[in-house]
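Examination of the molecular architecture
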Amino acid sequence: MKDSAVMDQDLQTPEPRTVSIFGYELIREVLLPEIFGKDTPEILYWAGKRLARKYPLESYESLIDFFAKASWGELEIKKETKNELEFELASPMIVSRVKSKAENFFQLEAGFLAQQIEVQKGAIVETFEHPVKKSNKVCFTVKWDKD
């Protein structure tokens, strides 16, 4: 496990860089499904949870910042209730992914959100994704039960 100084260094904002949509999609949409097959969504969900354990975040603000630095997109909290959070994620890469394929998975991000919120809330958490083709965004519903 990384110590906090190494993690802080990893998350510092370096010079702005661009991420090639082609390179990202090549790995995410071609290579990983080729390796994982029909289990891709489930494996990505658990991989997201594992990433979250390596990069624990203490606040919603740091979570939003992480998504931006990871080039996952602009994460926005849309609604919070007693046992539920709704997030919306937007980025040029999401637009490209949603337009290029009939079926898209955002389970890496969903698993990451689930684990981060689980630690922050001290409850068992599950996250559901809802890609919205019309708006080229992804909505996530994060649910927990402290009972």
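What counts, and at which threshold
Residues numbered from 1 in each chain as written. Predicted model: local features only at pLDDT ≥ 70, side-chain atom pairs only at ≥ 80, totals over all residues. Heavy atoms only, no water. Helix = DSSP H or I, 4+ residues; strand = E, 2+ residues; numbered from the N terminus. Buried < 20%, exposed > 50% of the residue type's maximum accessible area, 1.4 Å probe, protein only. Contact = heavy atoms within 4.5 Å. Areas by Shrake-Rupley, 256 points an atom, 1.4 Å probe, with all protein chains shown as cover. Salt bridge = Lys/Arg side-chain N within 4 Å of Asp/Glu carboxyl O. Pairing = 2+ DSSP bridges. Expected span 1.5 Å × (residues − 1). pLDDT = per-residue confidence, 0-100. Axes fitted to C-alpha atoms, helices over the stretch in contact; angles between N-to-C directions. Parallel < 35°, antiparallel > 145°, perpendicular 65-115°, else oblique. Left-handed = near helix turned anticlockwise from the far one by under 90°. Nonpolar A, V, L, I, M, F, W, Y, C, P; charged D, E, K, R; others polar.

With respect to the overall build of the protein
In terms of regular secondary structure, the protein is built from six helices and four strands. Sequence-ordered secondary structure for the protein, helices as α and strands as β, is α-α-α-α-β-β-α-α-β-β. Counting over 147 residues, the protein shows a buried share of 37%. Taking the contacts inside the protein whose residues are at least 6 apart along the sequence as the reference set, 60% of them involve residues at least 24 apart. Total accessible area on the protein stands at roughly 9000 Å², and carbon and sulfur atoms take up 56% of it.

Overview of the pattern of salt bridges
What the rule picks out here adds up to nine salt bridges. Between Arg 28 and Glu 109 there is a salt bridge, and its shortest N-O distance comes to 2.6 Å. Placement of the pair is Arg 28 in helix α2 (residues 21–36) and Glu 109 in helix α6 (residues 107–121), with a sequence separation of 81 residues. Glu 109 gets classed as buried once you look at its relative accessible area, which sits at 1%. When the shortest N-O distance is used, the salt bridge between Asp 65 and Lys 69 registers 2.9 Å. Linking Asp 65 with Lys 69, this pair stays in helix α4 (residues 60–69), spanning four residues, or about one helical turn. What emerges from the salt-bridge pattern is a single network uniting Glu 76, Lys 78, Glu 88 and Lys 137.

Some remarks on the pairing of strand β4 (residues 137–145)
Note that strand β2 (residues 84–90) and β4 share six bridges and pair antiparallel. Residue pairing across strands places Leu 89 opposite Val 138, the latter belonging to β4. With nine bridges joining them, strand β3 (residues 124–132) and β4 adopt antiparallel strand pairing. Bridging from a neighbouring strand, Val 132 pairs with Lys 137 of β4. In this antiparallel pair of consecutive strands, β3 and β4, the connection spans four residues, and Asn 136 shows a positive phi of 55 degrees.

A short note on helix α3 (residues 40–54)
If you check α3, its first and last C-alpha atoms are 21 Å apart, about what 15 residues at 1.5 Å a residue would give, namely 21 Å. Of all the residues in α3, the buried ones are Thr 40, Pro 41, Leu 44, Tyr 45, Gly 48, Lys 49 and Ala 52. Buried-residue contacts for α3 involve α2, α6 and β3.

Some points on the confidence of the model for the protein
Predicted confidence across the protein gives a mean pLDDT of 86, with 84% of residues reaching 70 or more. Contacts for the low-pLDDT stretch residues 1–6, under 50 throughout, to residues beyond four places or in other chains number four contacts.

Overview of the packing of α3 against α6
Put simply, α3 and α6 touch, their axes get as near as 6 Å, and they point 40 degrees apart. One finds that α3 runs oblique with respect to α6. The interaxial crossing formed by α3 with α6 has right-handed handedness. Residue-level inspection shows Pro 41, Leu 44, Tyr 45, Ala 47, Gly 48, Lys 49, Leu 51, Ala 52 and Arg 53 of α3 in contact with α6, the latter providing Gln 107, Leu 108, Ala 110, Gly 111, Phe 112, Ala 114, Gln 115, Gln 116 and Glu 118. Tallied by class, residues from the contact of α3 with α6 come to ten nonpolar, five polar and three charged.

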